[in-house]
Amino acid sequence: MIRSLLAPLAGALLALALTDAAQAQAPSEAQRAQAREILRHAVEMDTSVEGQRVPELAAYLAGQFRAAGFPAEDVHVLPLGSTAALVVRYRGDGTGGRPITLMAHMDVVTAHRADWERDPFTFVEENGFFYGRGVFDNKAGMSVLTSTLLTLRAEGFTPTRDLIIALTGDEETSGDTARMLAAQHRDLIDAEFALNADAGQGSLDESGAPVSYGLQTAEKTYASFSLTAHNEGGHSSQPRADNAIYDVADALERVRAYQFPVMWNDTTIASLRANAPVVGGAAGAAMARFAQRPGDRRAAVVLSSSPFTVGQIRTTCVPTMLNGGHADNALPQSASATVNCRIFPGVAIADVQAQLQRLAGDRITVAPLADNYASSDASPLRDDVLDATIAAVHTNYPEAPVIPGMSAGATDGVFYRGIGIPTYGVDGIFIKDSDDFSHGLNERVPVESFYNDLAHWRVLIMELAAPH
């Protein structure tokens, strides 16, 4: 009886505490203006592979950090061909352990004015949204991280551990700047773990109410392979059974029929368990069954039949491009297909290539393409990161459940995980599915969600790197 009588009071006190916490972390008008200006400046630089203005953006951001009092020896612009990376260290007092690296990227997907309603490289605020290429992916996260560190520095805050902001310049294409940091500048980015502003996201329903928040703790490895057949060719009037196009087609048919082994990890089990009641129906029941009995065959059959869940329980490979022949009146001398794979964490790229070769047969040569990423293990579900993320999410959206998840795509996080730095996608922007136009036309981000992200990152840093 006492518990039931006190429950309403406890709920009211919790709501009051959350309200007070949100107000305490809310960005000032000055910080909102600063973050908006950084975002505007960044969006209006075409940092796509066509525009090639990443070095200019890196120099601009480096200037912001130097002007805020960051020592020159802690601000590093690292050029690489036509792009660049930026690494800045915010010195702590060392009482809180090893550093935390904060990640984002400066480059964007190509956009052409003729395709857009607005100039993609003109920053526009309209009807509650910021518009422009990269305004969501990933210049919002980049701008929020930059503004947060600049603001904390201006306030005289000393973290208990070093904070490292690492901004890359070609995440949308080759990932070479992240590879460079991992391979050649480990000393600049080495950390106990990394927090990635290019992953993690909140979902809003169409009324604008929060649905859930996805904490990214794993991502699949991106790898593409060429399957190539060669033949001496000949005249098309004299067809033979040994035809390069037939050979590739036969190989692809075997790839189509094959399913990689069912797999799972702590992240995928937690994600399936949490999402099962939301999804409901046969798919939801299969998710719940698989979470309860990992590897369950009947559940795996159901999950494998959907493009939205098959990638959560196995490596997938699918043909994406075809090329063959040289004339319409000649037998093909060569034919090839590109097969793109999304590889489950912990599986080596070489093992997938070997399996494709077995499926393709002796007439086919399977070779990796140059843009393959590194293999990536899942990051452990750390209590400190999970608790900090819950606190940050609930600062703005107290009702939103926080659900660990694995991305079917890949970010620069794979390179950090690949060298043993656990990485977590924890950005705080909430958005409706109908408003998510990242990589698409008329990209936009809700204005208030962008400003809420400032509070989100402040709480994350305070929870993980402030005296308690």
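Everything in this summary refers to the structure shown in the same document. Nothing here was measured: the structure is a model prediction, and the numbers come from that model. (Residues numbered from 1 in each chain as written. Predicted model: local features only at pLDDT ≥ 70, side-chain atom pairs only at ≥ 80, totals over all residues. Heavy atoms only, no water.)

Description of the sheet that holds strand 15 (residues 365–368)
And then number 1: With respect to topology, 4 strands assemble into an open sheet ordered 12-14-10-15, the strand pairing being antiparallel. At either end of the open sheet lies a strand with only one pairing partner, and these are strand 12 (316–324) and strand 15. Strand-to-strand twist in this sheet, taken as the mean axis angle between neighbours without regard to direction, amounts to 25°.
And then number 2: As paired strands, strand 12 and strand 14 (residues 334–343) are joined by 8 bridges and run antiparallel to one another. By the bridge assignment for strand 14, Gly324 is matched with Ala335. (Pairing = 2+ DSSP bridges. Helix = DSSP H or I, 4+ residues; strand = E, 2+ residues; numbered from the N terminus. Axes fitted to C-alpha atoms, helices over the stretch in contact; angles between N-to-C directions.)

Some details on the state of the cysteines
And then number 1: By the definition in use, this model includes 1 disulfide.
And then number 2: One disulfide bridge connects Cys317 with Cys341, the sulfur atoms lying 2.1 Å from each other. Measuring handedness by torsion sign, the sulfur bridge of Cys317 and Cys341 sits at about 110° and is right-handed. Of this pair, Cys317 sits in strand 12 while Cys341 is found in strand 14, placing the two residues 24 residues apart along the sequence. Take Cys317 and Cys341: they sit in the same class, and that class is buried. (Disulfide = S-S within 2.5 Å. Buried < 20%, exposed > 50% of the residue type's maximum accessible area, 1.4 Å probe, protein only.)

As for helix 7 (residues 244–257)
And then number 1: Given a rise of 1.5 Å per residue, 14 residues ought to cover 20 Å, and the 20 Å separating the end C-alpha atoms of helix 7 matches this to within 8%.
And then number 2: When we look at burial in helix 7, the residues that qualify are Ala244, Asp247, Val248, Ala251, Leu252 and Val255. Buried residues of helix 7, viewed axially, fall in a sector of 130°; they line one side. Pointing more than 90 degrees away from the buried face of helix 7 are the exposed residues Tyr246, Arg256 and Ala257. (Expected span 1.5 Å × (residues − 1). Arc of directions from axis to C-beta.)

Brief notes about the pattern of salt bridges
And then number 1: Summed over all chains, the structure comprises 27 salt bridges.
And then number 2: Ionic pairing is found between Asp74 and Arg91, a salt bridge with its closest N-O pair at 2.8 Å. Placement of Asp74 in the loop between helix 3 (54–67) and strand 1 (75–80) and of Arg91 in the loop between strand 2 (83–90) and strand 3 (100–105) is noted, with a sequence separation of 17 residues between them.
And then number 3: With relative accessibility at 4%, the residue Asp74 sits in the buried group. (Salt bridge = Lys/Arg side-chain N within 4 Å of Asp/Glu carboxyl O.)

Some words on the nonpolar core
In summary, soluble globular proteins display a tendency toward joint burial of nonpolar side chains.
And then number 1: Core analysis: the biggest nonpolar cluster contains 69 residues, and Leu61, Phe65, Leu86, Met106, Phe130, Leu195 and Trp457 have the highest contact counts within it.
And then number 2: Among the elements that take part in this core, helix 14 (residues 447–465) stands out by supplying 11 residues, more than any other.
And then number 3: Contacts of Phe130, omitting those with residues within four sequence positions, involve Arg36, Leu39, Phe123, Val124, Glu125, Val135, Glu443, Arg444, Val445, Val447, Phe450 and Tyr451.
And then number 4: Ranked by size, the runner-up nonpolar core spans 27 residues in total, among them Ala218, Phe344, Leu356 and Leu359. (Core = buried A, V, L, I, M, F, W, Y, C linked by side-chain atoms within 4.5 Å. Contact = heavy atoms within 4.5 Å.)

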